[in-house]
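Take a look at the letters that make up each chain.
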Amino acid sequence: MRFEEFDDPRWPLIAGAKWPSRYACSEWGRTKPKENADFRVCFCFPDVYEVGMSYLGFQLLYPRTKNMDGVDAERAYCPWIDMEQSLREARLLLGSIESGRALKDFDGLGFTLQHEMSFTNILTMLDLGGVPLLASRRTDADPIVMAGGPAALVPEPVADFIDIFCLGDGEVVNPPLFDLLKKTKGRARIERLRAAAELDGTYVPALTSCTYDESGAHFASEFPLPRKRLICRDMDAIAPEGMIVPASGIIHDRVAVELFRGCSRGCRFCQAGMIYRPIRERSPEVVDKCIRALIRQTGWEECSLVSLASCDYPQIGTLLQSLSNLHDDGIKVSLPSLRVDNFSVGLAAGLEVMKKGGLTLAPEAGSQRMRDVINKGVTEADLDAALNAAFEHGWQKIKLYFMMGLPTETDDDLRGIVDLAERAASIGRRHSKRAAINVSVAGFVPKGHTPFQWAAQNTREELARKGAFMKKQVKSRAISFKYHESEQSFIEGVLARGDRRVGRAILEAWRLGERFDSWSETFSLERWMEAFARAGIDPAWYAQRERAEDEAFPWDHIDTGVSKSFLLREYRRAREAKVTRDCRSFGCNACGWERRGCEWSEANA
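Since the structure is predicted, the reported quantities are computational estimates derived from the model, not experimental observations. Counting starts from 1 at the beginning of each chain's written sequence and moves along it residue by residue. Local features in this predicted model are restricted to residues whose pLDDT is 70 or higher, and side-chain atom pairs enter the listing and the counts only when it is 80 or higher, whereas totals over whole chains, interfaces and linings include all residues. Hydrogens are left out, water is left out, and the side-chain values use all remaining heavy atoms of the structure.

1. Looking at the overall build of the protein chain
So, point 1. The secondary structure listing takes helices from DSSP runs of H or I that are at least 4 residues long and strands from runs of E that are at least 2 residues long, numbered from the N terminus. On a plain count of helices and strands, the protein chain comes out with 23 helices and 21 strands.
So, point 2. Our radius of gyration looks at C-alpha atoms and nothing else; its globule reference is 2.2 Å times the residue count to the power 0.38. For the protein chain, whose C-alpha radius of gyration is 24 Å, the value lies close to the compact-globule estimate of 25 Å for 605 residues.
So, point 3. With the C-alpha coordinates of the protein chain rotated into their principal frame, the extents come out at 70 × 65 × 55 Å.
So, point 4. Looking at the protein chain residue by residue over its 605 residues, the buried ones come to 59%.
So, point 5. It only takes one pair of heavy atoms within 4.5 Å for two residues to be counted as in contact. Taking contacts inside the protein chain between residues at least 6 apart in sequence as the whole, the part at least 24 apart equals 76%.
So, point 6. We get accessible surface area from the Shrake-Rupley algorithm with a probe of 1.4 Å; when it comes to residues, only the shown protein chains can shield them. Surface accessibility of the protein chain: about 25,000 Å² in total, with carbon and sulfur atoms responsible for 49%. Between buried and exposed lies partly exposed: a residue is buried under 20% and exposed over 50% of the maximum accessible area for its type, with that area taken using a 1.4 Å probe on protein chains only.

Laid out in structure tokens, this is it:
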């Protein structure tokens, strides 16, 4: 028997790869590329297949794009370093998984920027795909390189590599942009970019110049600034109708359906909680219908109710009750994000899938003062109630996530992390001799578009000292205490608040061999420091410097909807350890969306 797939020159490379399933990509639910399409876009995820296939965004945007007239979509993922080397040695170009078409032969490439540590992988994919790395060197024959996602809202570090940034929900931004690029195909590249810049929800860095002085970054553009982020207000209208199911295992191997987008809790460290505002809920009837349809279509036996804080969904109890009969068919329902309180733990206890592993809670800080600084909205009573409920419901292993290096933090606040872990272990021992507490502490990284965008990041040495300081104080054998190494947090801090000059260092780091920076086995601080030196950049100036209140940030020309005045007000309140209460329950906090039709501000008016 002869298989046409074996004629593909990539098959010998796939067979020799460390993880062949990353490249064989056997899937159910994907559709063949259209024979005739006026605009072909390849969605590019700058990480390996099993990570990219767990990203819900592509699952939502891929079928919607394929349904557009004259437009077709395919996908590509970043090859691991062994496959990158094999492709280069064989002189083969990186292509899509659907057809193998080289990236250079698409009309457009759409990268998702989920986090800053994927930036060097963008360059790997462009280079392997035969696309010039620098936007300024691309010709009319090259694809238009687009980028969206959270990191696209702080775009300047990768502005030299991207033609068009897509700001906001892809369901709203992409269709008019793809339609315009389809209609302008064949025209001069700069003409097409100017046309794209006239659309809402786009930012074209080639049409914007930037200068820097002591007061910060300053922009001059052919088009009005700031550029506004677009949102989809009707979540029911964009409910998913299908999902692609990989034959190999992926990180999140299940049906995922959003309950709502946005968050109103106002944690001051959380970029997602700020940039995804306002709250937009999906009706429970549509969620229920969507889950059942996707389970029938995909064959998955687990579904996840997705949001930044699933237990904040007002109809969560009613929805879980309506889904309870799925258990009779062996279907498990999970809540990936739990509040630290008795109510949330009680909900989780009713879900069979949650009882198989450990329960994860994120107090984020150990002392009440520090939790007030970050506006976590969790009290000592909440913590004790959640821990007692967890052990009473049969969990024996609890994972606790914290941050260190937060603004105004002292050693007493760090002792609070250890004290809380010891208290959790003590509560656990009252219920089970096998009770175990796993503590994970990550270094805090200030992010743009948050109240802490003015704050300085701790030095690597200080984070290392803090981690060792806490670990020495742990007494209970029931506690496993780990803290993240500070090197990756430092680089993330530079990239998270960088300006266009940082792009030079990203390019140098990539040329030196930097790949997969979020993976510890491939990350190298030495390469990054050499890259900064070659680029003439002081990384500490970006990461470890407290900003003046009136400084102009390199992302001020991107309007997420949350006002800078609100963020500054929250930063000042943080320094005084003052709590700002949830606007859905206690009234509008005037974050900026009250002037743009936020339904919760209207309801509380």
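Back to the write-up after that little detour.
2. With respect to the sheet that holds strand S5 (residues 144-148)
Strand pairing in a sheet relies on backbone hydrogen bonds, with the paired strands running either antiparallel or parallel.
So, point 1. DSSP bridges decide pairing: two strands pair if at least two such bridges lie between them. Spatial ordering of the open sheet is given by S3-S2-S4-S5-S6-S7, a layout of six strands whose pairing is mixed. Of all the strands in the sheet, the pair left with one neighbour each is strand S3 (71-77) and strand S7 (202-203).
So, point 2. Across seven bridges, the pairing between strand S2 (residues 39-45) and S3 is parallel. Across the sheet, residue Arg40 finds its bridge partner in S3, namely Asp72.
So, point 3. As a rule, the C-alpha atoms of each element are fitted with a line to give its axis, helices using only the stretch in contact, and angles between N-to-C directions run from 0 to 180 degrees. Sheet contacts for helix H6 (residues 119-128): S2, S3, strand S4 (108-112) and S5; angle to S4, the most-contacted strand, approximately 160 degrees.
So, point 4. Contacting S2, S5, strand S6 (164-166) and S7, helix H8 (residues 189-197) crosses the sheet at an angle of about 25 degrees to S5.

3. Some words on the side chain of Asp47
So, point 1. By the element assignment, Asp47 lies in the loop between S2 and helix H3 (49-52).
So, point 2. Only four residue types enter the tally: Lys and Arg on the positive side, Asp and Glu on the negative side, with His and both chain ends excluded. Within this document, salt bridges are pairs made up of a side-chain nitrogen of Lys or Arg and a carboxyl oxygen of Asp or Glu, the two lying within 4 Å of each other. Nearest to the buried, unbridged Asp47 among oppositely charged side chains is Arg22, at 7.0 Å.
So, point 3. Excluding residues within four positions of it along the chain, Asp47 makes contact with Tyr77, Cys78, Asn121, Phe516, Ser518 and Trp519.

4. Section: the sheet that holds strand S12 (residues 255-258)
So, point 1. Taken together, three strands build an open sheet; the order of strands is S12-S15-S16 and the sheet is parallel. Since the sheet does not close on itself, it has two edges, and those belong to S12 and strand S16 (332-334), each with one partner. On average, adjacent strands in this sheet sit at an angle of 25 degrees to one another, irrespective of strand direction.
So, point 2. Note: strand S15 (residues 302-306) against S16, three bridges, orientation parallel. Directly across from Cys303, in S16, lies its bridge partner Val333.

5. Digging into the pairing of S4
Two faces, one strand: in a regular strand the side chains alternate between the faces of the sheet.
So, point 1. Burial analysis of S4 places five of its five residues in the buried class, which makes it a mostly covered element.
So, point 2. Burial along S4 is two-sided: Gly108, Gly110 and Thr112 facing one way and Leu109 and Phe111 facing the other are all buried.
So, point 3. Sheet topology note: the S2/S4 ladder contains four bridges and is parallel. When the bridges of S4 are listed, Cys42 appears paired with Leu109.
So, point 4. As paired elements, S4 and S5 share five bridges and run parallel to each other. Residue pairing across strands places Gly110 opposite Met146, the latter belonging to S5.

6. Description of the packing of aromatic side chains
We describe a pair of aromatic rings using the distance from one ring centre to the other and the angle between the two ring planes.
So, point 1. Between 30 and 60 degrees the pair is tilted, below 30 it is stacked and above 60 it is edge-to-face, where a pair is any two Phe, Tyr or Trp rings, Trp via its six-membered ring, whose centres lie within 6.5 Å. Evaluation of the coordinates by the stated rule reveals 19 aromatic pairs.
So, point 2. Between Trp454 and Tyr571, the ring centres sit 5.9 Å apart and the planes meet at 15 degrees, which makes this aromatic pair stacked. One end of the pair, Trp454, is in the loop between strand S19 (436-443) and helix H16 (460-473); the other, Tyr571, is in helix H21 (residues 564-575), and 117 residues separate them in sequence.
So, point 3. Residue classification places Trp454 among the buried residues on the basis of a relative accessible area of 0%.
So, point 4. Classification of Tyr571 as buried rests on a relative accessible area of 3%.
So, point 5. Here the aromatic residues Phe39, Phe43, Phe45, Tyr55, Phe58 and Phe178 are joined through ring pairs into a cluster of three or more.
So, point 6. Two limits define a charge over a ring: the Lys NZ or Arg CZ must be within 6 Å of the ring centre, and within 35 degrees of the ring normal. Taking the ring centre of Phe586 as reference, the NZ or CZ of Arg581 above it sits at 3.9 Å.

7. Considering the pattern of salt bridges
So, point 1. On inspection of all chains with the given rule, the structure shows 53 salt bridges.
So, point 2. Where Arg88 meets Asp127, a salt bridge forms, and the shortest distance between an N and an O atom there is 2.8 Å. Separated by 39 residues along the polypeptide, Arg88 in helix H5 (residues 81-90) and Asp127 in helix H6 bring together distant segments of the chain.
So, point 3. Judged by relative accessible area, Arg88 falls into the partly exposed class, the value being 36%.
So, point 4. Of the residues examined, Asp127 reaches a relative accessible area of 29% and is grouped as partly exposed.
So, point 5. Residue Arg371 pairs with Glu380 through a salt bridge whose shortest N-O separation is 2.5 Å.
So, point 6. It is possible to trace a salt-bridge network through shared partners that takes in Asp169, Glu171, Glu258, Arg261 and Arg280.

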